[in-house]
Amino acid sequence: MKGGPASGAGYIFSPGDFANVREWRSHPMALHFRTSGDPTTGANSAHLMIDQIPVSTVPYGFTGSLHVGETNPFAGVDAFMQHMSEQ
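Residues numbered from 1 in each chain as written. Predicted model: local features only at pLDDT ≥ 70, side-chain atom pairs only at ≥ 80, totals over all residues. Heavy atoms only, no water.

Attention now goes to a nonpolar patch on the surface. Together, Val77, Phe80, Met81 and Met84 give the surface a local cluster of nonpolar side chains, amounting to about 410 Å² of exposed area. Checked against the element boundaries, Phe80 lands in helix α2 (residues 77-86). (Patch = residues over 30% accessible without salt bridge, like charges linked within 9 Å, V, L, I, M, F, W, Y side chains within 5 Å. Areas by Shrake-Rupley, 256 points an atom, 1.4 Å probe, with all protein chains shown as cover. Salt bridge = Lys/Arg side-chain N within 4 Å of Asp/Glu carboxyl O. Helix = DSSP H or I, 4+ residues; strand = E, 2+ residues; numbered from the N terminus.)

This is the structure:
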């Protein structure tokens, strides 16, 4: 599937999310995917992290994190500031 495993759900690969230090500490080897949210404000975006290190104790062997209803920080300066206040 073009764009990665989550792109069929409206998520696209989001390399910019690797820069978030807090999330990097808890998911250092994760692949990041994001929905765009509102095209003007970035509101109601979702951020999916899939850890690349298999964990045998969970079904399918992978863990990660999903944040929904946050602001897409890449929608502009105001969206970035809003996103940082949500952390």
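Below, the discussion takes up the pairing of strand β3 (residues 45-51). Counting buried positions along β3 gives 6 out of 7 residues, so the element sits mostly inside the fold. Where strand β2 (residues 30-34) and β3 come together, 5 bridges link them in antiparallel fashion. Each residue of the ladder has a partner; that of Arg34, found in β3, is His47. Both β3 and strand β4 (residues 64-70) contribute to a ladder of 6 bridges, which runs antiparallel. Bridge pairing in β4 links Ile50 to Gly64. (Buried < 20%, exposed > 50% of the residue type's maximum accessible area, 1.4 Å probe, protein only. Pairing = 2+ DSSP bridges.)

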